[in-house]
Amino acid sequence: MTPFGERVRQLRQERGRMLKDMAAHLGVSSAYLSALERGERGKPTWALIQGVLQYFHIIWDEADELTRLADLSDPRVKIDTAGGDPRATLLANRLAREIRSLSEAELEQMLAILDRAQTRERRAPVPIQAVQDKV
C-alpha cells in the first residue's frame, strides 16, 4: 500500500463512500481505483489527484498533504546515486533488497532519520556564492 492509497481508502471509508461510486465519479474502473488504494498502481496523475480532492471536497492544508502523499507514492522507485558517495549506492541497493524485511519500528526509525536530514537541509544557510550567481 502507498501513503496516497492508504489515505484515499481511509477517506473513502470514513465518509461511507463506495469504491464503485468513487471510481465512476473519477472516470476510472473500480479495479483501477482498488489497485491504486492497494499500491499496485504507479503514482497517480495530477488530474486524478484533483478529482479525489474535488470528490471529497478537500481544500487547503489537507489538499496539500494529499498532494504531497501522492508525490511520495510511487511503488517502484528508482534512485540515482551516480556521482555520489559509494556508500549512498550501497545504502540504496541494500534498502531495495531488504526493505520488505524491516519491522514497523525500523521503518519509523529510518523515516525519522530522513526527516531530520530534510529539516537540517532546509535550515542550512545558502552559500554567498549561490546568491551572487542568481543576481
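Scoring rules and cut-offs
Residues numbered from 1 in each chain as written. Predicted model: local features only at pLDDT ≥ 70, side-chain atom pairs only at ≥ 80, totals over all residues. Heavy atoms only, no water. Helix = DSSP H or I, 4+ residues; strand = E, 2+ residues; numbered from the N terminus. Phe/Tyr/Trp six-rings, centres within 6.5 Å; stacked < 30°, edge-to-face > 60°. Buried < 20%, exposed > 50% of the residue type's maximum accessible area, 1.4 Å probe, protein only. Lys NZ or Arg CZ within 6 Å of the ring centre and 35° of its normal. Axes fitted to C-alpha atoms, helices over the stretch in contact; angles between N-to-C directions. Parallel < 35°, antiparallel > 145°, perpendicular 65-115°, else oblique. Left-handed = near helix turned anticlockwise from the far one by under 90°. Contact = heavy atoms within 4.5 Å. Salt bridge = Lys/Arg side-chain N within 4 Å of Asp/Glu carboxyl O. Core = buried A, V, L, I, M, F, W, Y, C linked by side-chain atoms within 4.5 Å. UniProt positions renumbered as here; feature names shortened; annotations may be inferred.

- Per an unreviewed UniProt entry, the chain is named Helix-turn-helix domain-containing protein, and its organism is Microvirga terrae.

## Considerations on unusual backbone geometry
Phase 1 of the analysis: Unusually for a residue other than glycine, His57 sits at a positive phi of about 55 degrees.
Phase 2 of the analysis: Along the chain, His57 turns up in the loop between α4 (46–55) and α5 (60–71).

## Some thoughts on the packing of aromatic side chains
Phase 1 of the analysis: For the structure on display, the rule yields one aromatic pair.
Phase 2 of the analysis: With centroids separated by 5.1 Å and ring planes inclined at 70 degrees, the aromatic side chains of Tyr55 and Phe56 adopt a geometry described as edge-to-face.
Phase 3 of the analysis: Under the relative-accessibility criterion, Phe56 is labelled buried at 3%.
Phase 4 of the analysis: Lying across the ring of Tyr55, Arg17 places its NZ or CZ 4.8 Å from the centre.

## So, the packing of helix α2 (residues 19–26) against α4
Helices that pack against each other are described as a pair by the angle of their axes relative to one another and the distance between those axes.
Phase 1 of the analysis: Put simply, α2 and α4 touch, their axes get as near as 10 Å, and they point 120 degrees apart. It follows that α2 is oblique to α4 by the angle criterion. Crossing geometry of α2 relative to α4 is assigned as right-handed. Here Asp21, Met22, His25 and Leu26 of α2 come into contact with α4, specifically with Leu48, Gly51, Val52, Gln54 and Tyr55.

## A look at the pattern of salt bridges
Phase 1 of the analysis: This model, assessed by the stated rule, comprises eight salt bridges.
Phase 2 of the analysis: Residue Glu37 pairs with Arg9 through a salt bridge whose shortest N-O separation is 3.0 Å. Pair noted here: Glu37 is in helix α3 (residues 30–38) and Arg9 is in helix α1 (residues 3–14), with a separation of 28 residues, a long-range link.
Phase 3 of the analysis: The class for Glu37 is buried, based on a relative accessible area of 1%.
Phase 4 of the analysis: A salt bridge links Asp85 to Arg87, with the nearest nitrogen and oxygen atoms 2.7 Å apart.
Phase 5 of the analysis: On the basis of relative accessibility, which here comes to 62%, the residue Arg87 falls in the exposed class.
Phase 6 of the analysis: Residues participating in the shared-partner salt-bridge network are Arg9, Arg12 and Glu37.

## Details of the nonpolar core
Phase 1 of the analysis: Phe4, Met22, Leu33, Val52, Phe56, Ile58 and Leu66 are the most contacted members of the largest nonpolar core, which totals 20 residues.
Phase 2 of the analysis: Taken together, the elements giving at least two residues each to this core come down to α1, α2, α3, α4 and α5.
Phase 3 of the analysis: In terms of residue count, α4 provides more of this core than any other element does, five residues in total.
Phase 4 of the analysis: When near neighbours in sequence (up to four residues on either side) are disregarded, Leu66 contacts Phe4, Arg7, Leu11, Val52, Leu53 and Ile58.

## Digging into the UniProt feature "domain: HTH cro/C1-type" (unreviewed entry) in the chain
Phase 1 of the analysis: Those places that UniProt annotates as "domain: HTH cro/C1-type" (unreviewed entry) correspond, in this numbering, to residues 8–66.
Phase 2 of the analysis: The span residues 8–66 carries 69% helix and 0% strand; its end-to-end C-alpha distance comes to 8 Å.

## A look at the environment of Arg17
Phase 1 of the analysis: Within the fold, Arg17 resides in the loop between α1 and α2.
Phase 2 of the analysis: Separated by 39 residues in sequence, Arg17 and Phe56 place their C-alpha atoms 9.6 Å apart.

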